There are 2 protein chains.
Amino acid sequence: MKIVGLELGERSYPILIQNNLLTKITIHLKGHAPTEQAVIISDQSVSQLYGETVSSALKNAGIQTDLFIVPDGEDSKSWKTMGNLLTRCIQTGLKRDGLIIALGGGVIGDLAGFVAATYLRGVNFVQVPTSLLAQVDSSVGGKVGINHPMGKNLIGNFYQPKLVLIDPMTLTTLDKREMWAGMGEVVKYGLIWDEAFFKQVEDSLHTLIHLKDMEAVADMLAFCCRAKADVVEKDEKEGGLRRILNFGHTVGHALEAATDYHYFKHGEAVVHGMHWAAWVSRQEQFISESEFNQIESLLKQFAIPVLPDNLVAENLISRIKIDKKQTGKGLHVVLLEAIGKTKILKVEDMTPWVKAWLIYMQKK
Amino acid sequence: MKIVGLELGERSYPILIQNNLLTKITIHLKGHAPTEQAVIISDQSVSQLYGETVSSALKNAGIQTDLFIVPDGEDSKSWKTMGNLLTRCIQTGLKRDGLIIALGGGVIGDLAGFVAATYLRGVNFVQVPTSLLAQVDSSVGGKVGINHPMGKNLIGNFYQPKLVLIDPMTLTTLDKREMWAGMGEVVKYGLIWDEAFFKQVEDSLHTLIHLKDMEAVADMLAFCCRAKADVVEKDEKEGGLRRILNFGHTVGHALEAATDYHYFKHGEAVVHGMHWAAWVSRQEQFISESEFNQIESLLKQFAIPVLPDNLVAENLISRIKIDKKQTGKGLHVVLLEAIGKTKILKVEDMTPWVKAWLIYMQKK
């Protein structure tokens, strides 16, 4: 088993990575989140695959267990679904020493985590991420929340889980589109944090995507979790350093919003957003032509939707303005000064950089 | 000015108490919650009295200010109102370095605090409590949240303000029913924390209620805030000691719920709840007959509604069971072992103590 520790004082917790960990969940709960009562929150697809495995394991250990299932997809990260889940927790009588388990991808982790953070002012919470994106990114670090019609993740909390359980075998049932979307976040850690890791992913991209070497996959997951933990330990609530994790996300979020969250998956939009950031980094001469080409040629291998034909710059820009990262004093954009090293630039007006990039993309 | 400090590491903040502090709000914001953009959340009554004073003060200091007004009363602590306020924060473009100010009583503090805690995963928050209950209790300590049709305060966060500004002059416009309700929480500090303070309140109850000595009122407010701060400093998230602040609240909450939140004000229900707890403490022989008589005779002076005729024990008990303080292992009830000293009792079944007390009350 690989163990990544996230040190945050009394809010510290471990991330455990091991094949077939789902069946052994109760052993690990005992040490980190002991309880007699649990609510599992999952979606339709994941609960069909793993709901029975996890709830049986809990029930066999004598834990009173409910399984709440929400529809697949980003639309479940809504005020309405959140309200329904809180009502069901009350109805089932979940008590203060009860546990909420998120079993699913990033949507489920964010949603179930926000329910856990706000139900009775906070109950214990365990992340069991089943998508690549959730395993390398959203299940670690305590960002939980929901979307608003006017923007993503505008409502939420910082709320750390007691434990993150990653079973890489769940990736075998993940559809390939989700794998590619998650791989976008994997590449992100190479770009912002470690050039050697970027090169490893570059060298074995297809081996990893097709899960031909589960040991290498587990190493990749552990590296990403360690990188994210390093950042979060230094800046839990995104006062500074943590912003680098938003690399690719400013334009990524805007792309998702401008296409009504139905065209791109989050990780896919982030791949385009990272391309934008690398392109701007090149325009600003922060990175060399060959570095930009290296990044672009890796990202071009991603099997993701291209930018839609009807995308207009103004729409993207208005979405960026509403993005929560905008403080009163302009927008902080995460760029690169090398592969493996970020540079934060304060931009007063994003318009020129968005328009010029769209023109560049149309010409390709 | 009286200053009470609440020490919680990086979440520490001061409580400032001074007549006419409302007009000087911006001086104190500068030091503790500097901002260029603020949203004031208030209710109809309070905003009519003080909305203009506070928003003008902010605007004159160059702070972009919005005033969001919700209807008076407990019904505003709802999922729907919370959602509307979050939407208005998004629409007005409140940014991460913006500030939310709660201007009002306990309902406004709880509601605005929960909005601040969840908007963009948390923005700075300042409490300006204008009711006695909010000044001595709910504005201090970071409990924020809303009600659910199935129970009070079932949804929320622990989220500390950056500053609490108490202007005792706002009590001059508070109606007497609210004064009496708040005085219930004042007496609570005497009962659970300090016998000498209990006696002071006993001796000068009517002087305090009728605001005949504003210096004594300010002393009383400072004592209560200091007592609450002492408790919260030792146990921010109610793992143990903080439970004593729930003295009178188990039956109090149940009384509010059983009467659909429209018959009793919170503080009024707590007065009855404290009477219940004192009565049980006497039945269990934890306190003497004369101590019980002393408590009862003080509480009898409170100008609050009597228990309604149609109150049935079963209804109260079912409400208690849903109360969030119930852990999987029974209910922890806060009783007294002396005036000024609590004793926590784990009760498996509240039914006998509720039924017997109701019979006692009917006989009186």
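Caption draft 1: The side chain of Lys 228 of chain B, seen in detail. Residues and elements named next belong to chain B. In this structure, Lys 228 sits in helix α8 (residues 214-234). A polar side-chain atom of Lys 228 sits 3.1 Å from the main-chain carbonyl oxygen of Val 140. When neighbours within four sequence positions are excluded, Lys 228 is seen to be in contact with Asp 137, Ser 138, Val 140, Tyr 189, Arg 242 and Leu 245.

Caption draft 2: Quick peek at the sheet that holds strand β2 (residues 13-17) of chain B. Residue and element names in this part refer to chain B. Strand order in the open sheet formed by seven strands is β1-β2-β9-β6-β5-β3-β4, with mixed pairing between adjacent strands. The strands lining the two open edges of the sheet, one partner per strand, are β1 (2-6) and β4 (64-70). Averaged over all pairs of adjacent strands, the angle between strand axes in this sheet comes to 15°, irrespective of strand direction. Alignment of strand β6 (residues 124-129) against strand β9 (residues 163-166), held across two bridges, turns out to be parallel. Bridge assignment links Gln 127 to a residue of β9, and that residue is Val 164. With respect to the sheet, helix α4 (residues 106-118) is in contact with β3 (37-43), β4, β5 (99-104) and β6, its orientation differing from that of β5 by roughly 170°. α8 contacts β1, β2 and β9 of the sheet and is inclined by roughly 10° relative to β1.

Caption draft 3: Geometry of the domain arrangement of chain A. All names here are of chain A. Taken domain by domain, chain A consists of domain 1 (2-172) and domain 2 (176-363). Every contact between the two is made by 33 residues of domain 1 and, on the other side, 38 residues of domain 2. Both faces considered, domain 1 and domain 2 share a buried interface measuring about 3,100 Å² in area, 65% of it formed by carbon and sulfur atoms. Among the residues of domain 1 in contact with domain 2, Leu 132, Val 136 and Lys 152 are the three that bury the most area, contributing 20% of the side total. Our enumeration of links across domain 1 and domain 2 arrives at six salt bridges. The salt bridge partner of Glu 215 is Lys 2, with a shortest N-O separation of 3.4 Å. Those elements giving two or more residues to the side of domain 1 that touches domain 2 turn out to be β1 (2-6), β2 (13-17), α5 (132-138) and β8 (151-158). Examining the composition of the side of domain 1 that touches domain 2, we find that six residues originate from one element, α5, more than from any other. Among the residues forming the side of domain 1 that touches domain 2, the class breakdown is 17 nonpolar, nine polar and seven charged.

Caption draft 4: Quick look at the sheet that holds strand β4 (residues 64-70) of chain A. Residues and elements named next belong to chain A. Across the sheet, seven strands lie side by side as β1-β2-β9-β6-β5-β3-β4; this open sheet has mixed pairing. Two strands close off the open sheet at either side, each with one partner strand: β1 and β4. Pairwise comparison of adjacent strand axes, ignoring direction, gives a mean angle of 15° for this sheet. Of the pairings in the sheet, the one linking strand β3 (residues 37-43) to β4 comprises seven bridges and is parallel in character. The residue bridging Ala 38 from the neighbouring strand is Thr 65, located in β4. Packing against the sheet, helix α3 (residues 79-91) makes contact with β3, β4 and β5 (99-104), and its axis sits at approximately 160° to β4. Each of β1, β2 and β9 (163-166) touches helix α8 (residues 214-234); the most contacted strand, β1, lies at about 10° to it.

Caption draft 5: Inspection of the interface of chain B and chain A at higher detail. Each partner contributes to the interface: chain B provides 36 residues, whereas chain A provides 36 residues. Looking at the side of chain B facing chain A, the largest losses of area belong to Trp 79, Arg 96 and Arg 121 of chain B, adding up to 26% of the total buried there. Linking chain B with chain A are two salt bridges, by the criterion used here. Salt-bridge contacts for Arg 96 of chain B lead to Glu 238 of chain A; the nearest nitrogen and oxygen are separated by 3.3 Å. Seen at the junction of chain B and chain A, the total is 13 residue pairs in polar contact (both at pLDDT 80 or more). Looking at the side of chain B that touches chain A, the elements that each hand over two or more residues are α3 (79-92), α4, β7 (143-148) and β8 (151-158) of chain B. Residue composition of the side of chain B that touches chain A, by class: 14 nonpolar, eleven polar and eleven charged.

Caption draft 6: Quick look at α4 of chain B. For α4 of chain B, with 13 residues, the first-to-last C-alpha span of 18 Å sits near the 18 Å given by 1.5 Å per residue. Within α4 of chain B, 13 of the 13 residues are buried, which leaves it mostly tucked inside the rest of the structure.

Caption draft 7: Focus on the relation of the copies chain B and chain A. For the pair chain B and chain A, the best superposition has an RMSD of 0.0 Å and corresponds to a rotation of 180° with a translation of 0.0 Å parallel to the axis. Taken together, the turn and the small shift mark the pair as related by a two-fold rotation axis. When the interface residues of chain B are mapped onto chain A, 100% of them again fall at the interface, so both copies present the same face.

Caption draft 8: Representation of unusual backbone geometry in the model. Residue and element names in this part refer to chain B. Phi angles above zero are rare outside glycine, and Arg 121 is one such case at about 60°. Along the chain, Arg 121 falls in the loop between α4 and β6. Taking relative accessible area as the criterion, Arg 121 reaches 8% and is therefore assigned buried.

Caption draft 9: Layout of the packing of helix α9 (residues 249-258) of chain A against helix α12 (residues 313-322) of chain A. Residue and element names in this part refer to chain A. Orientation of α9 relative to α12, taken along the N-to-C sense of each, is 115°, at an axis distance of 8 Å. Considering the relative orientation of α9 and α12, their crossing is right-handed. For the pair α9 and α12, the contacting residues are Thr 250, Val 251, Ala 254, Leu 255, Ala 257 and Ala 258 in the first and Asn 315, Leu 316, Arg 319 and Ile 320 in the second. Residue composition of the contact of α9 with α12, grouped by class: seven nonpolar, two polar and one charged.

Conventions we followed
- Residues numbered from 1 in each chain as written.
- Chains lettered and ligands numbered in written order.
- Predicted model: local features only at pLDDT ≥ 70, side-chain atom pairs only at ≥ 80, totals over all residues.
- Heavy atoms only, no water.
- Helix = DSSP H or I, 4+ residues; strand = E, 2+ residues; numbered from the N terminus.
- Polar contact = N/O pair within 3.5 Å; in protein donor to acceptor, adjacent residues only side chain to side chain.
- Contact = heavy atoms within 4.5 Å.
- Pairing = 2+ DSSP bridges.
- Axes fitted to C-alpha atoms, helices over the stretch in contact; angles between N-to-C directions.
- Domains from an automatic or database assignment.
- Buried area = accessible area lost by both parts, 1.4 Å probe.
- Salt bridge = Lys/Arg side-chain N within 4 Å of Asp/Glu carboxyl O.
- Nonpolar A, V, L, I, M, F, W, Y, C, P; charged D, E, K, R; others polar.
- Expected span 1.5 Å × (residues − 1).
- Buried < 20%, exposed > 50% of the residue type's maximum accessible area, 1.4 Å probe, protein only.
- Least-squares fit on C-alpha atoms with pLDDT ≥ 70 in both.
- Left-handed = near helix turned anticlockwise from the far one by under 90°.

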